[in-house]
Amino acid sequence: MAIEANYLGMRIVLDEHEVENVEYFRHCAAHDFRLQACRACSLVRYPPGTACPWCACPDSHWVSVDGRGSVHSYTQVHQAIQPAFKALAPYLVLLVELDTQKGKPTEHEALRIVGNLTRSDGTLAPAELAQKVGVGTRVRMVFCDIAPGLSLPQWTIDETAPQASPWRYPGL
Ligand SMILES: [Zn+2]
């Protein structure tokens, strides 16, 4: 069954033929972060897909993954392209490297998940909170409920983790 929702004035449609995405977001709606693990090589993958990107095996199963990691990179958006985000700029888009499977299958690889920086309640973080976040910030996943059956995985500062000074682009 397709999933439809309205998020910040934008229509979101998740087509039922996108089998892996529908399953991924079905787990997200239950606030359960799950990814596919390959039945042949056991590696977990993201984004959801039909076959393992490392060994091409089509068989997988969904496993619970700890939604904690460090900011690997970020973009601070000052000029929102989407009108819905205009009032929320500047805001952060984070690329978060999970602790799970870090350095596998090679030392340069990891599971890296995109999301916005939010407060702990899943609402987009204000500029003063965004200023505290940069490369290396420890974050944890939160789920933002936007419609019945649809929640977006987002990132908030992990208040239980020790935080070193993050790297931020100089001058901004
Ligand atoms: Zn595999």
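Residues numbered from 1 in each chain as written. Predicted model: local features only at pLDDT ≥ 70, side-chain atom pairs only at ≥ 80, totals over all residues. Heavy atoms only, no water.

Here we take up the overall build of the protein. Helix and strand counts for the protein stand at 2 helices and 10 strands. The secondary structure elements of the protein, listed N-terminal to C-terminal, are β-β-α-β-β-β-β-β-β-α-β-β. For 172 residues, the compact-globule estimate of 2.2 N^0.38 gives 16 Å, and the C-alpha radius of gyration of the protein, at 17 Å, lies within 12% of that figure. Dimensions of the protein along its principal axes, counting C-alpha atoms only, are 45 × 40 × 25 Å. Taking all 172 residues of the protein together, the buried fraction comes to 42%. If you take every contact in the protein between residues at least 6 apart in sequence, the share linking residues at least 24 apart comes to 52%. Surface accessibility of the protein: about 9400 Å² in total, with carbon and sulfur atoms responsible for 53%. (Helix = DSSP H or I, 4+ residues; strand = E, 2+ residues; numbered from the N terminus. Rg over C-alpha atoms; globule rule 2.2 N^0.38 Å. Buried < 20%, exposed > 50% of the residue type's maximum accessible area, 1.4 Å probe, protein only. Contact = heavy atoms within 4.5 Å. Areas by Shrake-Rupley, 256 points an atom, 1.4 Å probe, with all protein chains shown as cover.)

Quick look at the coordination of the zinc ion now. The zinc ion binds to the protein through C38 (SG), C41 (SG), C52 (SG) and C55 (SG), with metal-donor distances spanning 2.3 to 2.4 Å. Here the zinc ion is ringed by 4 donor atoms whose angles at the metal span 99 to 123°, and the overall shape comes out tetrahedral. Along the chain, the residues donating to the zinc ion fall in the pattern C-x2-C-x10-C-x2-C. Taken as a pair, C38 in strand 3 (residues 34–38) and C52 in the loop between strand 4 (44–45) and strand 5 (60–64) lie far apart in primary sequence, 14 residues in all. On the basis of relative accessibility, which here comes to 2%, the residue C38 falls in the buried class. (Donors = N, O, S within 2.8 Å, 3.2 Å for Na, K, Ca; no water. Tetrahedral: all angles 85-135°; square planar, octahedral: opposite > 155°, others 65-115°.)

What follows concerns the packing of aromatic side chains. As enumerated under the stated definition, the model contains 5 aromatic pairs in all. The interplanar angle of 70° and the centroid separation of 6.5 Å between the aromatic rings of Y7 and F85 together place this pair among those described as edge-to-face. Placement of Y7 in strand 1 (residues 3–7) and of F85 in the loop between strand 6 (68–77) and strand 7 (91–98) is noted, with a sequence separation of 78 residues between them. For Y7, a relative accessible area of 11% gives the class buried. Considering the side-chain rings of W167 and Y169, the 6.4 Å spacing of their centres and the 90° angle between planes classify their relative orientation as edge-to-face. Looking at Y169, the relative accessible area reads 52%, which means it is exposed. In this structure an aromatic cluster arises from ring pairing among Y7, F85 and Y91. (Phe/Tyr/Trp six-rings, centres within 6.5 Å; stacked < 30°, edge-to-face > 60°.)

For the structure on display, the rule yields 9 salt bridges. R68 serves as the salt-bridge partner of D66, at 3.9 Å between the closest nitrogen and oxygen. D66 sits in the partly exposed class, given a relative accessible area of 41%. One salt-bridge network, held together by shared partners, links D66, R68 and D158. (Salt bridge = Lys/Arg side-chain N within 4 Å of Asp/Glu carboxyl O.)

Across the sheet, 3 strands lie side by side as 4-3-5; this open sheet has antiparallel pairing. Each edge of the open sheet carries a strand with a single partner, namely strand 4 and strand 5. (Pairing = 2+ DSSP bridges.)

Along the chain, L150 falls in strand 10 (residues 150–157). Since its relative accessible area comes to 3%, L150 is described here as buried. Along the primary structure L150 and G122 are separated by 28 residues, whereas in three dimensions their C-alpha atoms are 13 Å apart. Not counting the four nearest positions on each side in its chain, L150 is found in contact with I3, A5, I12, F25, A29, C144 and D145.

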